[in-house]
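Notes for the structure review
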Amino acid sequence: DAGVTQSPTHLIKTRGQQVTLRCSPKSGHDTVSWYQQALGQGPQFIFQYYEEEERQRGNFPDRFSGHQFPNYSSELNVNALLLGDSALYLCASSGFGEEGANVLTFGAGSRLTVL
Amino acid sequence: QQQVKQSPQSLIVQKGGISIINCAYENTAFDYFPWYQQFPGKGPALLIAIRPDVSEKKEGRFTISFNKSAKQFSLHIMDSQPGDSATYFCAASRYTSGTYKYIFGTGTRLKVLA
């Protein structure tokens, strides 16, 4: 049973560039969330996609946008990159686990470095 | 109201000792409290979780203690091993606006000395 897969694993961009990160959810999961994790910090919620629509959004500027495809995979796009965007970007898919709880399953992340 | 406060920031424990990490929340609407374990270069992985109607849950060497009245919960790692060295995140989740929302603590970096 494949878990959440993300690509690329590492990438380096310069300020002002644009980046696209990709995510395939765990089999059976239809909801995808994206998180930003700065070094030494906990994951910060960016947004969530369900049925190809953005359902929730955290406190991130419009430079951060996303998309979900009919096969539930998702992309995160970041425009006009800033140095402060350097972080580990985590994709998490969610589904119902034991006790009926909605469980988040994370991918290994995409490490973005902005120079 | 949306914060989950986690302590300590870092923890060093001898092999065989007990590791204890604490979290506190404010919003009583949260109804699911998971702990995640993250190794360097990896994404967080679900370790153990609890609902607020239960005061304690144990899975192997890992135990969650939950105090609903104090709005606090903690992770206890018994017989800590060097392989437990990782960063641990607590989280709180609730259903709102048609979806589940998670708030994460800031993490505790655990080092278990051999």
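Up top is the structure.
The notes below deal with the structure included here. Here the residue numbering is sequential within each chain, running from 1 through the sequence in written order. Chain A is the first chain written and ligand 1 is the first ligand written, with later ones labelled in order. The predicted origin of the model limits local features to residues at a pLDDT of at least 70 and limits the giving and counting of side-chain atom pairs to 80 or more, whereas totals for whole chains, interfaces and linings rest on all residues. Side-chain figures throughout are based on the complete set of non-hydrogen atoms in the structure, without hydrogens or water.

Notes on the sheet that holds strand β1 (residues 5-7) of chain A
All names here are of chain A. We apply this condition: Strand pairing is defined by DSSP finding a minimum of two bridges between the two strands. Each helix corresponds to a stretch of at least 4 residues labelled H or I by DSSP, and each strand to a stretch of at least 2 residues labelled E; elements are numbered beginning at the N terminus. The angle between two axes is taken between their N-to-C directions and runs from 0 to 180 degrees, where each axis is a line fitted to C-alpha atoms and a helix contributes only its stretch in contact.
Within the open sheet, the four strands sit side by side as β1-β3-β8-β7. Their pairing is antiparallel. Lying at the two open borders of the sheet, with one neighbouring strand each, are β1 and β7 (64-68). Averaged over all neighbouring strand pairs, the angle between strand axes comes to 20°, with direction disregarded. In this sheet, strand β3 (residues 19-24) lies alongside β1 in antiparallel orientation, the contact comprising three bridges. Paired with Gln-6 across the two strands is Cys-23, which belongs to β3.

What about the nonpolar core?
Residue and element names in this part refer to chain B. Stated precisely, the cut-off is as follows: To form a nonpolar core, buried Ala, Val, Leu, Ile, Met, Phe, Trp, Tyr and Cys residues must be joined to one another through side-chain atoms within 4.5 Å. Categorising residues by exposure relies on relative accessible area from a 1.4 Å probe, with only protein chains included: less than 20% of the type maximum marks a residue as buried, more than 50% marks it as exposed, and the intermediate range marks it as partly exposed.
Counting 25 residues, the largest nonpolar core has Phe-33, Trp-35, Ile-48, Phe-73, Leu-75, Tyr-88 and Leu-110 as its most contacted members. Within the residue set of this core, elements represented by two or more residues are β2 (10-14), β3 (19-25), β4 (33-38), β5 (45-50), β7 (62-67), β8 (72-77), β9 (86-96) and β11 (108-113). Among the elements that take part in this core, β9 stands out by supplying four residues, more than any other.

Observations regarding the state of the cysteines
Such a bond, covalent and formed between the sulfur atoms of two cysteines, is termed a disulfide. Condition: The disulfide criterion is simple: two cysteine sulfur atoms within 2.5 Å.
Under the definition given, this model contains two disulfides over all chains. Bridging A:Cys23 to A:Cys91, the disulfide has an S-S length of 1.9 Å. Because the torsion about its S-S bond is -65°, the bridge between A:Cys23 and A:Cys91 counts as left-handed. With A:Cys23 in strand β3 and A:Cys91 in strand β9 (residues 87-96), this pair connects stretches of sequence that are 68 residues apart. Residue classification places A:Cys23 among the buried residues on the basis of a relative accessible area of 2%. At a sulfur-sulfur separation of 1.9 Å, the disulfide partner of B:Cys23 is B:Cys90. Judged by the sign of its S-S torsion, about -95°, the bond between B:Cys23 and B:Cys90 is left-handed.

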